[in-house]
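Here are the chains, one letter per residue:
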Amino acid sequence: MGTAAGDGLVAAAAEHKVNLSARRPFVEALRTGLAETFFPDDPFRGFGSRPPAARAWGALKYFVPALEWAPRYTLDKFKYDLLAGVTIASLAIPQGISYAKLANLPPIIGLYSSFVPPLLYAVFGSSNNLAVGTVAAASLLLASIIEEEVPPEDNPQLYLQLFYTAAFFTGVIQTALGVFRLGLIVDFLSRSTITGFMGGTAAIIIMQQLKGMLGMKHFTPKTDLISVIHSIFQYRHEWKWQSAVLGICFLLFLLSSKHLRKKKPNLFWVSAIAPFMVVIIGGIFAFLVKGNEHGIPIVGDLKKGINPLSISQLTFTDKHVNLAVKAGFFSGILALAEGIAVGRSLALIKNEQIDGNKEMIAFGIMNIAGSFTSCYLTTGPFSKSAVNFHAGCRTPMSNVVMSVCIMLVLLFLAPLFKYTPLVALSAIIVVAMIGLIKVKEFCHLYRVDKFDFCICMVAFIGVVFFTMVIGLGASVGLSVIRALLHVARPNTCKLGSIAGGDVFRDVKHYPHARNIPNVLILQLGSPIYFVNAGYLRERILRWVEEEENACKIDGQDLQCVVLDLGGVSSIDNTGIGMLVEVHKNLDRRGIRVMLPFIGPHFRMLATEFDQYHISGHCR
């Protein structure tokens, strides 16, 4: 029976030889491969049949998405965008001030950063749901990197200039990634890495807000947990009970609004405007009781007027340019990952599509322009974008409405926010950060994939106990190692027949799968490269040795080895050499080798094997 099965496979191979006549030229094959790697969406398909003017207009609309939706914009859509824009503006004001303080920048910089960038994103962005603004994680990351060499207390002007310069380099890097279609770099930030990093960052930010909650004046510039706790108790003589009591009241109010949103999703706007109400109520209270004189520190003076130009403040001196590039790179990649992930998540709910490379170009342009107009790094934060989505936004016009609202605040109302208590900003940040510590996601990762859980925990622990850069770098490094292990040690398995039919499955997963006597069927489930060729050779020969021993027990001999290459999407020259070596080794033992699933990707392989009379046929 075993001989008959082997002869049947050989006969099938003889009937269907691989077609080697249709070879593609090297240049064409290389061009196609690069196109699939960097242009998988083929954005300009169909342009060749259009007249030159139509091609130019199509390319312009591709790079300026506003030209797509603006001609079809209606008053009905504007009603929804107006409501969404006003709602996210009420959130942008307290968040802008809060995150600027988190980065040790003048509070007005946070408002500036919510004016110019949203206007540019509305023109160049491809997401209808994203709301642009500053983010806590990037703010703290920038501060932690720049403070190492330029403490804000020693030279506040240079410190601010480095933030502008870092935003410029962030924009350049993001734009370059988008233009050269290198968005795959962001893919190295896995979901597990982002979950752990954001959770660790949120934990550190919450701890740092104890400075504002307790009304302290001095605090450590370091971000690790030990330094933060030491600083809190080192300056315990600065604790103000007035700030603590007011902060607890604000926390209870904000948490209650979030709980109300979960119970009644239709009242999402209550949670959205709650931070703005905290700022207003806190400012009125601090003004009436003269809080700055009674243990409740306030923000202080805010300049009236829109963004002043800052292009002359960009610093490219040899002493500081490396620091700005480093800060811009790390924060820019993090901001890209968050912004694109948020945009894609919200787009999926509406069954829409966003282009990651367009988003990178849009983020890059708005950060370059922002660095020229007194803004620091901006992206698409989750909290603000979620509010924009639930408010019913229809197009990026909601960002324009938000920008107009911020402009009115800058022109007429900015001085009124001088009485905002710092404890109110701390309470807003604490409540926003609580949602970023996803305990359920941690537990889910532990149940589903222990290695992913380790990647997540490395990011979390690295951020909490060391620095944000160490946590992020270690987690990304572990993710890359895991990917390399998958390549270097691919899955291989022995197949058996289910119920004696034509369906074959892994014998480990299907214990009742039956072996074909005298025939060993092995499945190779990944591309074969120089990295894993040696491992696969040893693994195949080990399978053969074990099968030979099993056959000898039954008084038979192994006659045929079938290598299922259905899951092998590509193979390099080293892989071909490995399979040839395996054939020679088995041929000396009198064992035939068959490759039943050779497709068009394996023409070179088939040519090489024809020299050694290895059977093969196309599926």
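Computed from a predicted model, the values in this text were never measured in an experiment.

Q: Please clarify how unusual backbone geometry should be interpreted in this entry.
A: Leaving glycine aside, a negative phi is the common case for residues, and trans is the common case for peptide bonds. With phi around 60°, Ser374 is a residue other than glycine that occupies positive phi space. By the secondary structure assignment, Ser374 is in the loop between α16 (356-372) and α17 (382-390). Exposure remark for Ser374: the relative accessible area of 2% places this residue in the buried category. The phi angle at Asn518 is positive, at roughly 70°, despite the residue not being glycine. Along the chain, Asn518 falls in the loop between β2 (504-506) and β3 (519-524). Classification of Asn518 by relative accessible area gives buried; the value is 8%.

Q: Please explain the pairing of strand β1 (residues 492-497) as it appears in this structure.
A: Sheet faces and side chains relate simply in a regular strand, where the side chains alternate between the two faces. Where burial is concerned, most of β1 is hidden: six out of the six residues are buried. The alternating pattern of β1 places Thr492, Lys494 and Gly496 on one face and Cys493, Leu495 and Ser497 on the opposite face, and all of these are buried. Direction of pairing for β1 relative to β3: antiparallel, over a ladder of three bridges. The partner of Thr492 across the bridge, within β3, is Leu524. Here β1 runs beside β2; their pairing, made up of three bridges, is antiparallel. From the neighbouring strand, Leu495 faces β2, where its bridge partner is Asp506.

Q: Quick question: what am I supposed to make of the packing of helix α10 (residues 191-208) against helix α20 (residues 439-448) here?
A: Any two packed helices are characterised by how steeply their axes cross, that is the angle between the axes, and by the distance between the axes. The interhelical angle for the contact between α10 and α20, taken along N-to-C directions, is 140°, at an axis separation of 10 Å. Put simply, α10 runs oblique to α20. When you trace α10 past α20, the crossing you get is left-handed. Counting all contacts with α10, which are made through Arg191, Ser192, Thr195 and Gly196, the residues of α20 involved are Glu441, Phe442 and Leu445. Its residues placed into classes, the contact of α10 with α20 shows two nonpolar, three polar and two charged.

Q: Just checking my understanding: could you explain the nonpolar core for this structure?
A: The tendency in soluble globular proteins is for nonpolar side chains to be buried as a group. In terms of nonpolar packing, the biggest core is built from 105 residues, with Leu105, Ile108, Ile109, Phe163 and Phe197 touching the most fellow members. Here this core takes 12 residues from helix α15 (residues 318-349), the largest share from any one element. Here Phe197 is in contact with Ala137, Leu334, Ala459, Val463, Met468 and Leu472, once residues within four sequence places are set aside. In this structure, Leu541, Val568, Ile571 and Leu586 belong to the second largest nonpolar core, which totals 26 residues.

Q: Is there a simple way to explain α16 in this structure?
A: Residues separated by three or four positions in an α-helix point in the same direction, a consequence of the helix having 3.6 residues per turn. The first and last C-alpha atoms of α16 sit 25 Å apart over 17 residues, in line with the 24 Å expected at 1.5 Å per residue. Counted residue by residue, α16 has 14 buried out of 17 residues, so it is predominantly covered. Sitting at the amino-terminal end of α16 is Asp355, which places a side-chain oxygen 2.9 Å from the backbone nitrogen of Asn357. Looking one or two places after α16, you find Ser374, whose phi comes out positive at around 60°.

Q: Whenever I open this one, the side chain of Asp506 confuses me. Can you help?
A: Its place among the elements puts Asp506 in strand β2. Buried within the structure, Asp506 lacks any salt-bridge partner; Lys508 is the closest side chain of opposite charge, at an N-O distance of 6.5 Å. Excluding residues that lie within four positions of it along the chain, Asp506 makes contacts with Cys493, Lys494 and Leu495.

Q: Where do I start with a nonpolar patch on the surface in this structure?
A: Taken together, the side chains of Phe253, Met277, Ile280, Ile281, Ile284, Phe285, Phe287, Leu288 and Val289 present a nonpolar region at the surface, about 800 Å² in accessible area. Top element by residues in the nonpolar patch is helix α14 (residues 268-289). It accounts for eight residues.

Q: I would appreciate a short explanation of the packing of aromatic side chains in the present structure.
A: What characterises a pair of aromatic rings is the spacing of the ring centres plus the angle enclosed by the ring planes. If you walk through the whole model with that rule in mind, you get 15 aromatic pairs. Measuring from ring centre to ring centre gives 5.8 Å for Phe442 and Phe460, while their planes differ by 75°; the resulting arrangement is edge-to-face. On the criterion of sequence distance, the pair formed by Phe442 in helix α20 and Phe460 in helix α21 (residues 450-465) is long-range, its members being 18 residues apart. Grouped by ring-pair contacts, the aromatic residues Phe168, Phe169, Phe316 and Phe372 constitute a single cluster. Against the face of Tyr80 rests Arg394, its NZ or CZ located 3.8 Å from the ring centre. Against the face of Tyr446 rests Lys450, its NZ or CZ located 4.7 Å from the ring centre.

Q: When you look at the pairing of strand β5 (residues 592-595) in this model, what are you seeing that I'm missing?
A: With three bridges joining them, strand β4 (residues 560-564) and β5 adopt parallel strand pairing. Paired with Cys560 across the bridge in β5 is Arg592. Handedness of the crossover joining β4 and β5 through helix α24 (residues 573-588): right-handed.

Q: Explain the confidence of the model for the protein to me, please; I cannot follow it from the model alone.
A: Note: predicted coordinates in regions of low pLDDT should not be interpreted at a detailed level. Per-residue confidence for the protein gives a mean pLDDT of 84; residues scoring 70 or more make up 88%. Taken element by element, the protein is modelled with least confidence in strand β6 (residues 615-616), mean pLDDT 44, and with most confidence in helix α7 (residues 116-124), mean pLDDT 95. Low pLDDT (under 50) marks residues 8-14, which in the prediction has 10 contacts with non-local residues, meaning those over four places away or in another chain. Within the model, pLDDT remains below 50 along residues 597-619, and this stretch shows 60 contacts once partners closer than five positions in the same chain are excluded.

Q: Explain the pattern of salt bridges here, please?
A: Pairs can form between side chains of opposite charge whenever their charged atoms are close. Taken as a whole and judged by the stated rule, the model has 10 salt bridges. Here Glu68 makes a salt bridge to Arg72, at a shortest N to O gap of 4.0 Å. According to the relative accessible area criterion, Glu68 is partly exposed, its value standing at 36%. Measuring nitrogen to oxygen at the nearest pair gives 3.4 Å for the salt bridge that ties Glu441 to Arg191. With Glu441 in helix α20 and Arg191 in helix α10, the pair connects residues that are 250 residues apart, well separated along the chain. Here Arg191 falls in the exposed class, since its relative accessible area comes to 62%.

Q: What's the story with helix α18 (residues 397-413) in this structure? I'm lost.
A: In this model, α18 (17 residues) spans 23 Å end to end at C-alpha, consistent with the 24 Å of a helix rising 1.5 Å per residue. Along α18, the residues that are buried comprise Met397, Ser398, Asn399, Val401, Met402, Ser403, Ile406, Val409 and Leu410.

Q: Before we go on, may I ask you to explain the side chain of Ser385 in this structure?
A: By secondary structure assignment, the location of Ser385 is in helix α17. We classify Ser385 as buried; its relative accessible area is 0%. Residues within four places of Ser385 in sequence aside, it is in contact with Asn129, Leu130, Ala131, Val342, Leu346 and Gly380.

Reading guide: rules and limits
- Residues numbered from 1 in each chain as written.
- Predicted model: local features only at pLDDT ≥ 70, side-chain atom pairs only at ≥ 80, totals over all residues.
- Heavy atoms only, no water.
- Helix = DSSP H or I, 4+ residues; strand = E, 2+ residues; numbered from the N terminus.
- Buried < 20%, exposed > 50% of the residue type's maximum accessible area, 1.4 Å probe, protein only.
- Pairing = 2+ DSSP bridges.
- Axes fitted to C-alpha atoms, helices over the stretch in contact; angles between N-to-C directions.
- Parallel < 35°, antiparallel > 145°, perpendicular 65-115°, else oblique.
- Left-handed = near helix turned anticlockwise from the far one by under 90°.
- Contact = heavy atoms within 4.5 Å.
- Nonpolar A, V, L, I, M, F, W, Y, C, P; charged D, E, K, R; others polar.
- Core = buried A, V, L, I, M, F, W, Y, C linked by side-chain atoms within 4.5 Å.
- Expected span 1.5 Å × (residues − 1).
- Polar contact = N/O pair within 3.5 Å; in protein donor to acceptor, adjacent residues only side chain to side chain.
- Lys, Arg positive; Asp, Glu negative; His and termini not counted.
- Salt bridge = Lys/Arg side-chain N within 4 Å of Asp/Glu carboxyl O.
- Patch = residues over 30% accessible without salt bridge, like charges linked within 9 Å, V, L, I, M, F, W, Y side chains within 5 Å.
- Areas by Shrake-Rupley, 256 points an atom, 1.4 Å probe, with all protein chains shown as cover.
- Phe/Tyr/Trp six-rings, centres within 6.5 Å; stacked < 30°, edge-to-face > 60°.
- Lys NZ or Arg CZ within 6 Å of the ring centre and 35° of its normal.
- Right-handed = clockwise from strand over helix to strand, strands pointing away.
- pLDDT = per-residue confidence, 0-100.

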